[in-house]
Structure formats: C-alpha cells, structure tokens
Amino acid sequence: MNYKASDNIQDLQYFGEFGGVNPSISDSSTYTFLSAKTMFDTFEGNTEGCYLYSRHSSPSNLYLGEAMAQLEGTESANVYASGMGAISAVILQLCNANDHIVCSRTIYGGTYAFLKNFLKKFNISTTFVDITDIDSVAASITSNTKMIYCESVSNPLLEVADIQSLSKLAKKHSIPLVVDNTFAPLSINAAKLGADIVVHSLTKFINGSSDCVAGAVCASKDFCLSLKDVNNGAGMLLGSTMDSLRAASVLKNMRTLHIRIKKHGENAQYLAEQFQKDGLKVVYPGLEHHSGHKIMTAQMNKEYGYGGLMTLDVGSLDKANALMELMQEEKLGYLAVSLGFYKTLFSAPGTSTSSEIPLEEQEALGLSQGLIRFSIGLDNDIHRTYLAMRSCMERLNILENSTVLV
Ligand SMILES: *Cc1c(COP(=O)(O)O)cnc(C)c1O
C-alpha cells in the first residue's frame, strides 16, 4: 500500500477522558505517583507511559508528537515551543565544542544566525555550501563534521535539496542528515527520502493560523528520547517545551493540513504561471525552468503540489515596498513575515527574514533587494486575485519593465 501521510494522520483516533472525540487536554505541570519506586524509575528513564513533569513530556504533547511522527513517517517526534527551539535543541544535542557542521547557504535567517554567530561560543563552526552542488557538499565534510543540515525547499530562494543524494553522502560519512521541512509538509516526506532527523516550524503551514509559534523534531525513538533525557537532553535542559494547551490547538489545526496544502499549492502554481507569462521574474518550483523543478518532481507526492511559496523580483527595494503597501491596501494580503496563513503574506526577505545574512552574501546568493517572498493564501477565486495583483503592478509601472515572453 502506498504511504500516505495525511491518511496516517487521519487514522489516528482519540477517545477523550469522557469519550470526547478530541483527547482531553492535560492541564498539569506535575503528576502524582502511587508508589515512590515508580517515581525513581521514571527519573531514571525506565518507565514508559508515566508522566513526571510537563517539561519532560505531557499527554497533549505526546498526541501532537504522534501526529508529527505519522506526517514524516518517523518512529517518534517531540514538539517544542518554536521551530528555533526544535532546531537549536537538535544541533546542540549532536555537537560538542569544536565540532563542525556542513549547511546549505540558503536557509532561514534565524538558523543562519544560530550557526554562524551563536555557536561561536562553543567554537562550533559551519561551512555554508551550495546544497545543490553535491560535490562541494562532499568536499566540505571533515573528520569532525557532525551533520549535514539543509531545508527541503529553502527559505527564501526556494532551492530544492536532493535529499536522496545528500542522504547517501551522509551515510557514507556516518553522520546524520538533518532536514528542515517547514516549507514542504506532505509534499515532501524528507524522512522517507533518507533524512535522519526532520525538523519543522509548526508556526507555518502545519498550524496554519498564525496564532502561535511552535516546532517539532521527527526522528528515531532513540534520538527523541535523548533530547528528553533528564541528565543530558537539550530539549529537556534548554526548556523550549510546548505548552499543553497549545499542543492540543495545533493538533486540531493539523487535521486540515492536506486540504490546505493542496489549495496553497494550486493557487501558487496558478499565480506563478500567470506572472511568468507576464514576463515577470518569478521563482516557483512548480515552473519547468526552475532549477529544482526536476528534483522536486522526482521527490514529491504529486497530489500536494509544489508548495505555497513563490518569489517575485520587482527590481528594487523601493518598488517592492510600494507594491507590498499597495497590495495590503487592496486587501490582497498582509505585509508580514511568516507563511502558511489563509491570507497571502508578503515581505522583502533581504530587509526582514534574511537580514541576518550580510548584504554582500545576500547578493552572492542571488537574494536581490527587489525580491518579494509570497506565501500564497487560500483564496477561493485565484484568477480574481491575479487580476487585482496585476492591477497593483500596472499602477506602479512594474509590468512595463518586464520582458513579455511570447
Ligand atoms: C520560521 C522558520 C523557522 C523558525 O521557526 P519559529 O517557529 O519561528 O521558531 C525555521 N525554519 C524555517 C524554514 C522557517 O520558515
């Protein structure tokens, strides 16, 4: 039978304390033990199914973790208070002082800052590479490299990682491949393709309602338990635990993920095709000329589409800002960072979500100042949206400079 993440999530059934169709929310930070011996065993990590303290685990967090493990097809998953909470815990769990990381040069700005600046405290260094160039990834691996880190579809340039090839390379060197799959849940099953550890910012598509920050780590049972270890677990000891009430809320939103992902992808594909016809500089993995189109097509679950993210280069930061302000005025979406909301969100990554990356490096990456990142919403009539966006561009003379393809 075909592996279908959304079916697996749907097959999870819950019987709440009073027979409710949603699991009861665990509203406790601490848990009673009927025997003192069980408490000791739980501290030692020997007792399955016993709760100790909610920074370690809670029933609500385990329910959401179970759904995340089904999504990625991993043995287990832990949930965290944010995507960065999940990412930093994984990295600090895998690395000791003086270790080395090989990482894609186009990644989320927060992850970039963590690797490049924060980890200096521990003399952990990172080589940033073009992740689509497997030879240069291989050449960057040294004897103290502890992981290859990348995003399945990168932020904000939408580069597509060849997870299967990277996984082979990582296995050859006996190091884990860590993949941030925030941009492509359901479309790409990173773990099925060979990623050892998959991290997510649940803040984005998975929760989908822009009402909280949240994160997850999907991995083997052993690795997930190691993160929770009371003596050595980065998750447990750094304390970026998700609140139980929030875990219950994210779980409920996650049940419509498959419907939302299809709609985000369908709408983004439509707009990208139209803007391409208009001669605009549009980047979207669903377009044939996109550098990662072939790899994405080979790796993805087709029914979910190429994702909700698209970029448009309108030439200059001034034009980008004017267009975003006008689109917001016209109720086409919000000038806001983040992604996966029901309304379209747009921002200029060079001066916002990727501003941690120095200007010269941004230019070298192809991250130009006129670039707008769009997270396309769930608009019912996307042709109407297209016409309205086009009219904003016409008013700002943005279409004039485009080279219309015939
Ligand atoms: C937003 C984001 C993160 C960080 O997640 P938070 O929930 O904001 O901590 C990490 N990776 C990617 C790709 C993101 O888009």
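Along each chain, residue indices are assigned from 1 in the same order as the chain's sequence is written. Residue-level local features of this predicted model are given only where pLDDT is at least 70; pairs of side-chain atoms are given and counted only at 80 or more, and the full residue set underlies all totals for whole chains, interfaces and linings. Values shown for side chains rest on all heavy atoms present in the structure; no hydrogens or waters enter the calculation.

- By the naming in an unreviewed UniProt entry, the protein chain goes by Aminotransferase class I/II-fold pyridoxal phosphate-dependent enzyme and is assigned to Flagellimonas hymeniacidonis.
- On record in UniProt, under Sequence similarities (unreviewed entry), the comment for the protein chain is "Belongs to the trans-sulfuration enzymes family."
- Here the protein chain is described in UniProt, under the heading Cofactor (unreviewed entry), as follows: "pyridoxal 5'-phosphate". UniProt positions are given in the numbering used here, feature names are shortened, and annotations may be inferred rather than shown by experiment.

1. Considering the UniProt feature "modified residue: N6-(pyridoxal phosphate)lysine" (unreviewed entry) in the protein chain
Link 1 in the chain: On the UniProt side, "modified residue: N6-(pyridoxal phosphate)lysine" (unreviewed entry) is annotated at positions that read Lys204 here.
Link 2 in the chain: Working definition: helices are DSSP H or I runs of at least four residues, strands are E runs of at least two. Numbering for both runs from the N terminus. Residue placement: Lys204 occurs in the loop between strand S6 (197-201) and strand S7 (215-219).
Link 3 in the chain: Buried, partly exposed and exposed residues are distinguished by accessible area as a fraction of the type maximum, computed with a 1.4 Å probe on protein chains only: under 20%, between the cut-offs, and over 50%, respectively. On the basis of relative accessible area, Lys204 is assigned to the buried category, the value being 11%.
Link 4 in the chain: Dropping the residues within four chain positions of it, Lys204 is found in contact with Thr182, Ser338, Leu339 and Gly340. Between two residues, a contact is recorded if the distance between any of their heavy atoms is within 4.5 Å.

2. Comments concerning the site of the ligand
Link 1 in the chain: Being near a molecule or strand, for a residue, comes down to having at least one heavy atom within 4 Å of it. Near the ligand there are 13 residues, and of these Met84, Asp180, Ser201, Thr203 and Lys204 occur at the shortest range.
Link 2 in the chain: In the environment of the ligand, a nitrogen atom lies 2.6 Å from a nitrogen or oxygen atom belonging to the side chain of Asp180.
Link 3 in the chain: Compared with its free state, where it exposes 380 Å², the ligand has 93% of that area covered by protein.
Link 4 in the chain: Counting residues per element, the shell around the ligand draws most heavily on helix H4 (residues 83-94), which supplies three residues.
Link 5 in the chain: A class-by-class count of the residues in the shell around the ligand yields five nonpolar, five polar and three charged. Definition of a polar contact: a pair of N or O atoms within 3.5 Å, with one able to donate and the other able to accept a hydrogen when the atoms are protein atoms, and with sequence-neighbouring residues admitted only if both atoms are side-chain atoms. Here the accessible surface of atoms and residues is derived via Shrake-Rupley with a 1.4 Å probe, and residues count as covered only by protein chains that are part of the display. In this classification, Asp, Glu, Lys and Arg are treated as charged, Ala, Val, Leu, Ile, Met, Phe, Trp, Tyr, Cys and Pro as nonpolar, and every other residue, Gly included, as polar.

3. Observations concerning the pairing of strand S4 (residues 145-151)
Link 1 in the chain: S4 sits mainly inside the fold: six of its seven residues count as buried.
Link 2 in the chain: Any two strands with at least two DSSP-identified bridges between them are counted as paired. Alignment of S4 against strand S5 (residues 177-180), held across four bridges, turns out to be parallel. Counted as the bridge partner of Cys150 is Val179 from S5.
Link 3 in the chain: Convention used here: a crossover is right-handed provided that the path from the first strand, over the helix, to the second strand proceeds clockwise when the strands point away from the viewer. For the crossover that starts at S4, traverses helix H7 (residues 163-172) and ends in the parallel S5, the hand is right-handed.

4. Points about helix H8 (residues 221-228)
Link 1 in the chain: Within H8, the full set of buried residues consists of Phe223, Cys224, Leu227 and Lys228. Seen along its axis, H8 keeps its buried residues to an arc of 140°; they face one direction.
Link 2 in the chain: On its buried face, H8 sits against helix H3 (59-72), strand S1 (76-80), H4, S6, S7 and helix H9 (234-238). Regarding the arc, it is the one traced by the directions from the helix axis to the C-beta atoms.

5. Notes on the packing of aromatic side chains
Link 1 in the chain: Any pair of Phe, Tyr and Trp rings, taking the six-membered ring for Trp, is counted once the centres come within 6.5 Å. Such a pair is stacked with planes under 30 degrees apart, edge-to-face with planes over 60 apart, and tilted for the rest. Across all of its chains, the model carries eight aromatic pairs by this definition.
Link 2 in the chain: Ring centres of Tyr14 and Tyr63 lie 5.2 Å apart, and the angle between their planes is 90°; on these two criteria the pair is classed as edge-to-face. Of this pair, Tyr14 sits in the loop between helix H1 (5-11) and helix H2 (36-43) while Tyr63 is found in helix H3, placing the two residues 49 residues apart along the sequence.
Link 3 in the chain: Tyr63 gets classed as partly exposed once you look at its relative accessible area, which sits at 27%.
Link 4 in the chain: Aromatic pair Tyr31 and Tyr51: ring centres 5.5 Å apart, planes at 40°, arrangement tilted. Of the two residues, Tyr31 sits in the loop between H1 and H2 while Tyr51 sits in the loop between H2 and H3, which places them 20 residues apart along the sequence.

6. Some words on the pattern of salt bridges
Link 1 in the chain: When a carboxyl oxygen of Asp or Glu lies within 4 Å of a side-chain nitrogen of Lys or Arg, that pair is called a salt bridge. Within the structure shown, the criterion is met by 11 salt bridges.
Link 2 in the chain: Asp211 is the partner of Arg246 in a salt bridge, and the nearest nitrogen-oxygen pair spans 3.8 Å. Here the residue Arg246 occupies a position in helix H10 (residues 244-254), and Asp211 occupies one in the loop between S6 and S7, the gap between them amounting to 35 residues.
Link 3 in the chain: A relative accessible area of 29% means that Arg246 is categorised as partly exposed.
Link 4 in the chain: The exposure class assigned to Asp211 is partly exposed, which follows from its relative accessible area of 39%.

7. Details of the domain arrangement of the protein chain
Link 1 in the chain: For each domain, the first and last residues come from an automatic or database assignment. Split by domain assignment, the protein chain resolves into domain 1 (5-254) and domain 2 (258-395).
Link 2 in the chain: Relative to domain 2, the C-alpha centre of domain 1 lies at a distance of 27 Å.
Link 3 in the chain: Across the boundary between the two partners, domain 1 contributes 37 residues, which contact 38 residues of domain 2.
Link 4 in the chain: Put simply, buried area is how much 1.4 Å-probe accessible surface two parts lose in total, over both of them, once they are put together. Taken together, both faces of the contact between domain 1 and domain 2 bury some 3,100 Å²; the carbon and sulfur share is 60%.
Link 5 in the chain: In this structure, the connection of domain 1 to domain 2 is made through one salt bridge.
Link 6 in the chain: Here Lys116 ties to Glu361 by a salt bridge, and the two come within 3.1 Å at their closest N and O atoms.
Link 7 in the chain: Between the two partners, domain 1 and domain 2, sit 13 residue pairs in polar contact (both at pLDDT 80 or more).

8. Quick word on the pairing of strand S3 (residues 125-129)
Two faces, one strand: in a regular strand the side chains alternate between the faces of the sheet.
Link 1 in the chain: One ladder, built from five bridges, connects strand S2 (residues 100-104) with S3; its direction is parallel. Each residue of the ladder has a partner; that of His100, found in S3, is Ser125.
Link 2 in the chain: In terms of handedness, the path from S2 via helix H5 (residues 109-116) over to S3 forms a crossover that is right-handed.

9. Focus on the packing of helix H11 (residues 257-277) against helix H15 (residues 382-395)
Link 1 in the chain: For the pair H11 and H15, the least separation of the axes is 10 Å and the interaxial angle reads 40°. Relative to H15, the element H11 lies oblique. Of the two possible hands of crossing, H11 and H15 adopt the one that is right-handed. Where H11 approaches H15, its residues Asn267, Tyr270, Leu271, Gln274 and Phe275 are matched on the opposing element by Ile382, His383, Tyr386, Met389 and Met393.
Link 2 in the chain: Of the residues in the contact of H11 with H15, the class split is seven nonpolar, three polar and no charged. Comment: axis = line fitted to C-alpha atoms, over the contacting stretch for helices; angle = value between 0 and 180 degrees taken between N-to-C directions. Angle categories are assigned with fixed cut-offs, so that under 35 degrees is roughly parallel, over 145 is roughly antiparallel, 65 to 115 is roughly perpendicular, and the rest are oblique. The sense of a crossing depends on the near helix, which, turned anticlockwise from the far helix by less than a right angle, makes the crossing left-handed and, turned clockwise, makes it right-handed.

10. Topic: the environment of Lys192
Link 1 in the chain: Within the fold, Lys192 resides in the loop between S5 and S6.
Link 2 in the chain: Counting along the chain gives 119 residues from Lys192 to Gly73, while the straight-line C-alpha distance between them is 6.8 Å.

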